[in-house]
Amino acid sequence: CALKKPVLRVTLKTSDGQLAGQGSQPVVFEAQKKTAPVVCRIPVTRFQPWSPESPALYMAELVLCDGDQPVHGWVERFGICKFEARGDRFFFNNQPFFVRGYGDDFVYPLTLVSPASREEHLKHLKAARQAGFVYVRLHTHCEVPEFFEAADEAGVLVQPELPYYGDYPTEAFAFDPIRDLTELITHYRRHVSLATYCMGNEGLLGRP
């Protein structure tokens, strides 16, 4: 590694710019490798959980430094919540939660495909929230990142679904739901609105 003293410095801020935490962690590169796993634990001093009623979001400003010299940086937006099942009931942030959801069938008559516009999706998701919905099931598809960004802001939980009907493969690629689900979650887990997932529409996939 060309860096002599690599260190990751992280600053957390609320959506209105208030400081919510700071920390740093040295980066240790293994010999002949250009990547390294880094875990930086930072207490959140201004903690507000994300929920449909109050979709609080934070900004994490991450800067890779060589000692005190900034080298590269980026910003990640995130939220914090706890969504779980206890027996036959759902709980959200430790409170009983009624999942009132609707289905989204990827119907875009004006654009044919999902528009890469956070503002356009936010308009629709806010309308859903005004109608009392807190959850959306994406019928046999996963939306574009702008959809999830809008859902983070609107306070809508999202269930993406793999494009399978039972165990029938699509024409584009071979049937491999574990591969596809792993890719989906890896790509979208940064979004607090990602709540659940479905392996496909109707049909039985069998075990495992």
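Refer to the structure presented above.
Parameters and conventions
Residues numbered from 1 in each chain as written. Predicted model: local features only at pLDDT ≥ 70, side-chain atom pairs only at ≥ 80, totals over all residues. Heavy atoms only, no water. Pairing = 2+ DSSP bridges. Helix = DSSP H or I, 4+ residues; strand = E, 2+ residues; numbered from the N terminus. Axes fitted to C-alpha atoms, helices over the stretch in contact; angles between N-to-C directions. Buried < 20%, exposed > 50% of the residue type's maximum accessible area, 1.4 Å probe, protein only. Lys, Arg positive; Asp, Glu negative; His and termini not counted. Salt bridge = Lys/Arg side-chain N within 4 Å of Asp/Glu carboxyl O. Polar contact = N/O pair within 3.5 Å; in protein donor to acceptor, adjacent residues only side chain to side chain. Contact = heavy atoms within 4.5 Å. Phe/Tyr/Trp six-rings, centres within 6.5 Å; stacked < 30°, edge-to-face > 60°. Right-handed = clockwise from strand over helix to strand, strands pointing away. Parallel < 35°, antiparallel > 145°, perpendicular 65-115°, else oblique. Left-handed = near helix turned anticlockwise from the far one by under 90°. Nonpolar A, V, L, I, M, F, W, Y, C, P; charged D, E, K, R; others polar. Patch = residues over 30% accessible without salt bridge, like charges linked within 9 Å, V, L, I, M, F, W, Y side chains within 5 Å. Areas by Shrake-Rupley, 256 points an atom, 1.4 Å probe, with all protein chains shown as cover.

Draft legend 1. Just the sheet that holds strand β5 (residues 83-86), in detail. The strand order β5-β6-β7 describes an open sheet built from three strands, whose pairing is antiparallel. One side of each edge strand has no neighbouring strand; the edge strands of this open sheet are β5 and β7 (95-97). The sheet shows a mean angle of 45° between the axes of neighbouring strands, taken without regard to direction. The sheet contact formed by β5 and strand β6 (residues 89-92) spans four bridges and is antiparallel. Along β6, the bridge assignment pairs alanine 85 with phenylalanine 90.

Draft legend 2. Broad picture of the side chain of glutamate 143. You can see glutamate 143 is positioned in the loop between β9 (135-138) and α2 (145-154). Lacking a salt bridge, the buried glutamate 143 has arginine 137 as its closest oppositely charged neighbour, with an N-O distance of 12 Å. Reaching out from glutamate 143, the side chain makes a polar contact with the side chain of tyrosine 108 at a distance of 2.6 Å. When near neighbours in sequence (up to four residues on either side) are disregarded, glutamate 143 contacts Phe106, Tyr108, Ser114, His121, Leu138, Phe148 and Tyr188.

Draft legend 3. Representation of the packing of aromatic side chains within the structure. Following the criterion strictly, the structure yields 11 aromatic pairs and no others. Their ring planes at 55° and their centres at 5.2 Å tell us that tyrosine 102 and phenylalanine 133 sit as a pair that is tilted. Pair noted here: tyrosine 102 is in strand β8 (residues 101-104) and phenylalanine 133 is in the loop between α1 (118-130) and β9, with a separation of 31 residues, a long-range link. Its relative accessible area of 26% is what places phenylalanine 133 among the partly exposed residues. On the numbers, 5.3 Å between centres and 85° between planes, the contact of phenylalanine 106 with tyrosine 108 is edge-to-face.

Draft legend 4. Unusual backbone geometry, seen in detail. The residue phenylalanine 106 is not glycine, and still its phi comes out positive at about 55°. You can see phenylalanine 106 is positioned in the loop between β8 and α1. A positive phi angle is found at leucine 112, which is not glycine, with a value near 70°. Its location among the elements puts leucine 112 in the loop between β8 and α1.

Draft legend 5. Here's a closer look at the sheet that holds strand β3 (residues 58-66). Strand order in the open sheet formed by four strands is β2-β1-β3-β4, and the pairing between neighbours is antiparallel. With partners counted over all chains shown, the strands left at the sheet margins are β2 (19-26) and β4 (69-78), one partner each. Going from strand to strand, the sheet's axes swing by 15° on average, the running direction of each strand aside. Looking at chain direction, strand β1 (residues 6-14) and β2 are connected through seven bridges and run antiparallel. Paired with leucine 12 across the strands is glycine 21, a residue of β2.

Draft legend 6. Structural view of the pairing of β8. Across four bridges, the pairing between β8 and β9 is parallel. Directly across from aspartate 104, in β9, lies its bridge partner leucine 138. Following the backbone out of β8, through α1 and into the adjacent parallel β9, one traces a crossover that is right-handed.

Draft legend 7. The packing of α1 against α2, seen in detail. Two numbers describe how α1 lies on α2: the axes approach to 8 Å, and their chain directions differ by 40°. One finds that α1 runs oblique with respect to α2. Crossing of α1 against α2: the hand is right-handed. Contact residues: Arg118, His121, Leu122, Leu125, Lys126 and Arg129 in α1; Glu146, Phe147, Glu149, Ala150, Ala151, Glu153 and Ala154 in α2. For the contact of α1 with α2, the per-class residue count stands at six nonpolar, one polar and six charged.

Draft legend 8. Expanded view of a nonpolar patch on the surface. Among the surface-exposed residues, Phe106, Leu112 and Val113 lie close enough to one another that they form a single nonpolar patch of about 300 Å² accessible area. Among the residues examined, phenylalanine 106 registers a relative accessible area of 31% and is labelled partly exposed.

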